[in-house]
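Architecture at a glance
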Amino acid sequence: MNILITNDDGINADGLIALKKSLEKVHSVFIVAPLKEQSGSSHSLTMNMPLRVYEYGKNYYAVDGTPTDCIMLAINKIFEKIQFDLLISGINYGANLGDDITYSGTVAGAMEGCLMGIPSIAISLDVNFKKRPVYVHYETAVFVLNKIIENGLKFKKDTFLNINVPDLPIEKIKGIKITRQGKRTYKDVIVENIDPRGEKYFWIAGTPVVLCKDEDTDIYAVENGYVSITPLKMDLTDYEFINELNKFLTNKDFFNSSG
């Protein structure tokens, strides 16, 4: 297979390198990843400044932009003659669960691949940032990904996969759950402090608060030692609410109304 890899942790990230080393044993691997970390960049596209491309090796490039920029350049310029069979965004250092997927550059990389008609996967490892572990189990995420590829999963059009893997040895993973997006928010989101010059500054941080612990969610699965696989659709339309809006508009003419 021809596999395109990107991420939001940057071109030198351990997760990307682990993925590359594993996949290139069997597949043709092509990498276009951000030059620097782009966590939280979501599905942003750079349109107000030029982008520069740096070659790191054969089929191995960095872009001084977002994951979305990387995929745009990879498909339309750098590897424009390559027909890709799969796009993988990751392996991300940290989970992308619940509402976090709306901010995630990792998820956005897979989203852009899906928009371009390529079967796409975002994969993340649920690393505990506060403990900052000395050893991170990227091999577990690689194992899961390889099993999915080996078994020939057929992708649905306009749908991509968001995979989250517990940071555990392979033998301690309880299994795989097909999940829906959960719900959580954060407390103490803004940290306020004073810099050495006496100027006030703010840091966006926060501690996650789980609001939904339903067993069919991505959050529950990962917290309980399971790999979570959530299919995400490109179509964000709320079809049920369309009916409610149509009822609301019935017999109303806003353009000819006096008030």
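Right, let's walk through the structure included here. (Residues numbered from 1 in each chain as written. Predicted model: local features only at pLDDT ≥ 70, side-chain atom pairs only at ≥ 80, totals over all residues. Heavy atoms only, no water.)

Bringing the environment of Asp64 into the picture now. Within the secondary structure layout, Asp64 lies in the loop between strand 4 (60-63) and helix 2 (67-78). A C-alpha to C-alpha distance of 22 Å links Asp64 and Cys114, two positions 50 residues apart in sequence. Filtering out sequence-adjacent residues up to four positions away, Asp64 remains in contact with Leu35, Pro50, Leu51, Arg52 and Tyr54. Side-chain polar atoms of Asp64 contact the backbone nitrogen of Arg52, separated by 2.6 Å. (Helix = DSSP H or I, 4+ residues; strand = E, 2+ residues; numbered from the N terminus. Contact = heavy atoms within 4.5 Å. Polar contact = N/O pair within 3.5 Å; in protein donor to acceptor, adjacent residues only side chain to side chain.)

What follows deals with the nonpolar core. In terms of nonpolar packing, the biggest core is built from 33 residues, with Ile88, Ile123 and Ile163 touching the most fellow members. Broken down by element, this core gets its largest block of residues, seven residues, from helix 4 (residues 138-150). In this structure, Ile88 is in contact with Ile3, Leu4, Ile5, Thr6, Leu19, Leu23, Ile121, Ile123, Leu145 and Ile149, ignoring residues within four places of it in sequence. (Core = buried A, V, L, I, M, F, W, Y, C linked by side-chain atoms within 4.5 Å. Buried < 20%, exposed > 50% of the residue type's maximum accessible area, 1.4 Å probe, protein only.)

To continue, consider the sheet that holds strand 7 (residues 159-166). Here nine strands make up an open sheet; going across it, the order is 3-4-2-1-5-6-7-13-8 and the pairing mixed. Lying at the two open borders of the sheet, with one neighbouring strand each, are strand 3 (53-57) and strand 8 (175-178). Averaged over all adjacent pairs, the angle separating strand axes in this sheet is 20 degrees, with direction ignored. Where strand 6 (residues 120-126) lies against strand 7, six bridges are found, and the strand directions are parallel. When the sheet's bridge partners are listed, Leu125 is paired in strand 7 with Val165. Contacting strand 1 (2-6), strand 2 (28-34), strand 4 and strand 5 (86-93), helix 1 (residues 14-23) crosses the sheet at an angle of about 140 degrees to strand 5. (Pairing = 2+ DSSP bridges. Axes fitted to C-alpha atoms, helices over the stretch in contact; angles between N-to-C directions.)

With that settled, the discussion passes to helix 4. Note: α-helices contain 3.6 residues per turn, so residues at a spacing of three or four share the same orientation. Along its 13 residues, helix 4 runs 18 Å from first to last C-alpha, staying within 8% of the 18 Å computed at 1.5 Å per residue. Close packing links the buried residues of helix 4 with strand 1, helix 1, strand 5, strand 6, strand 7 and strand 13 (226-233). Just downstream of helix 4 lies Gly152, where phi reads positive at about 65 degrees. (Expected span 1.5 Å × (residues − 1).)

Let's shift gears to helix 2. Under the 1.5 Å per step criterion, the end-to-end length of helix 2 is only 14 Å for twelve residues, more than 12% shorter than the ideal 16 Å. Looking at the buried side of helix 2, the elements it contacts are strand 1, strand 2, strand 3, strand 4, strand 5 and helix 3 (105-115).

So, about the pattern of salt bridges. Inspection of the entire model under this criterion finds seven salt bridges. Note that Asp99 and Lys183 form a salt bridge whose closest N and O atoms lie 3.1 Å from each other. Linking Asp99 in the loop between strand 5 and helix 3 with Lys183 in the loop between strand 8 and strand 9 (184-187), this pair joins segments that are 84 residues apart in sequence. Among the ionic pairs, Lys200 bridges to Glu192, the shortest N-O distance being 3.4 Å. When salt bridges that share partners are traced, they join Arg180, Asp214 and Asp216 into one network. (Salt bridge = Lys/Arg side-chain N within 4 Å of Asp/Glu carboxyl O.)

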